[in-house]
Amino acid sequence: MTDGLLSVDERTARELRGLARVLVRSGYADHAAITAALTEAVREDAPSVDPTALVPLLIGEAVMDLNEEARDWPATTDPDRLDAVLAELGRLGLVVVRYTTDHHAARQVLEAADDPQGLVFFTDTDVWHAVDFGMLELKLWHPDTANVAPGEPLLEDVLALLNEHGLAAVYDEGRIEVTLDWQRRATL
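Residues numbered from 1 in each chain as written. Predicted model: local features only at pLDDT ≥ 70, side-chain atom pairs only at ≥ 80, totals over all residues. Heavy atoms only, no water.

Caption draft 1: The arrangement of the nonpolar core in detail. Core analysis: the largest hydrophobic core is formed by 50 residues, its most contacted members being Leu82, Leu136, Leu138, Leu140, Leu162 and Ile176. With 7 residues, helix H4 (residues 51-70) is the single largest residue contributor to this core. Apart from the residues within four sequence positions on either side, Leu140 is in contact with Leu94, Leu119, Val120, Ala146, Asn147, Val148, Leu154, Leu155, Val158 and Ile176. Counting 7 residues, the second largest nonpolar core, distinct from the first, contains Val97, Ala106, Leu110 and Trp141. (Core = buried A, V, L, I, M, F, W, Y, C linked by side-chain atoms within 4.5 Å. Buried < 20%, exposed > 50% of the residue type's maximum accessible area, 1.4 Å probe, protein only. Helix = DSSP H or I, 4+ residues; strand = E, 2+ residues; numbered from the N terminus. Contact = heavy atoms within 4.5 Å.)

Caption draft 2: The arrangement of unusual backbone geometry in detail. The phi angle at Tyr99 is positive, at roughly 55°, despite the residue not being glycine. Its location among the elements puts Tyr99 in strand S1 (residues 94-100).

Caption draft 3: Helix H3 (residues 31-45), seen in detail. In this model H3 runs 21 Å from its N-terminal to its C-terminal C-alpha over 15 residues, within 8% of the 21 Å that 1.5 Å per residue would give. Those residues of H3 lying buried are Ile34, Leu38, Thr39, Ala41 and Val42. Looking straight down H3, one finds that the buried residues subtend no more than 165° of arc, so they occupy a single side. Those residues of H3 that are exposed and aimed more than 90 degrees away from the buried face are Ala32, Arg43 and Glu44. Close packing links the buried residues of H3 with helix H2 (10-26) and H4. (Expected span 1.5 Å × (residues − 1). Arc of directions from axis to C-beta.)

Caption draft 4: Just the environment of Arg25, in detail. With respect to the helices and strands, the residue Arg25 is situated in helix H2. The spacing of Arg25 and Val109 is 84 residues in sequence and 25 Å in space, taken between C-alpha atoms. Beyond its immediate chain neighbours, meaning those up to four positions away, Arg25 contacts Asp65, Leu66, Glu69, Val131, Trp182 and Arg184. A polar contact is formed between the side chain of Arg25 and the side chain of Glu69, at a distance of 3.2 Å. (Polar contact = N/O pair within 3.5 Å; in protein donor to acceptor, adjacent residues only side chain to side chain.)

Caption draft 5: Up close: the pairing of strand S3 (residues 135-141). For S3, the buried fraction is high: 7 of the 7 residues fall into the buried class. What you see with S3 is no split at all: Met135, Glu137, Lys139 and Trp141 on one side and Leu136, Leu138 and Leu140 on the other are buried throughout. With 3 bridges connecting them, strand S2 (residues 118-123) and S3 associate as antiparallel partners. Opposite Leu119, over in S3, you have Trp141 as the bridge partner. Two elements, S3 and strand S5 (residues 175-179), share 4 bridges in a ladder whose sense is antiparallel. Its bridge partner being in S5, Glu137 is matched across the sheet by Glu177. (Pairing = 2+ DSSP bridges.)

Caption draft 6: Region of the structure containing the side chain of Glu137. Tracing the chain through its elements places Glu137 in strand S3. At 3.2 Å, the side chain of Glu137 forms a polar contact with the side chain of Arg175. Those residues in contact with Glu137 that lie beyond four places of it in its chain are Phe121, Phe122, Asp126, Arg175 and Ile176.

Caption draft 7: The packing of aromatic side chains, seen in detail. The tally for this structure, following the rule as stated, stands at 4 aromatic pairs. Between Tyr28 and Trp182 the ring centres are 6.3 Å apart and the planes differ by 45°, which places this aromatic pair in the tilted class. Of this pair, Tyr28 sits in the loop between H2 and H3 while Trp182 sits in the segment after S5, and the two are 154 residues apart along the sequence. Its relative accessible area of 6% is what places Trp182 among the buried residues. Grouped by ring-pair contacts, the aromatic residues Tyr28, Tyr99, Phe122 and Trp182 constitute a single cluster. (Phe/Tyr/Trp six-rings, centres within 6.5 Å; stacked < 30°, edge-to-face > 60°.)

This is the structure:
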């Protein structure tokens, strides 16, 4: 991999590797989406480098690192527990939107739903933050798109469910902060 990155400065090489890392470790982006995002980044940040040569190497390195680390993970990881919580919230009538681009896209899904009980969502950048820093921000809205507020039953029920599944969570400044180790197995 170093051949393609030798022609760029150390900071750019580190940033491209970091982007590949969070995209692969998110576990949500497919190979085409990862390739597209990295190709755009290489074209913008390292225009002298051929993305068709470098991008597969960046992805391959990130996948190898992830697979090596995943050998030591427990059978059930924090993202597995999060998936169980989100599935239960979906059964309770909440609209669940994972890895969306922004709150506008999440709102569109909510508005298209029949008789939603609320919305819980997180964005791609929320996941990237969780990959690097061990905290995922969940947004929780009422059906009318208003944020929940401290003490409301919907918020208390979601916090209790997260805690019941072994995920420490607190409400802070309009969002639920879930502490977790982002260990999502990816297949690319």
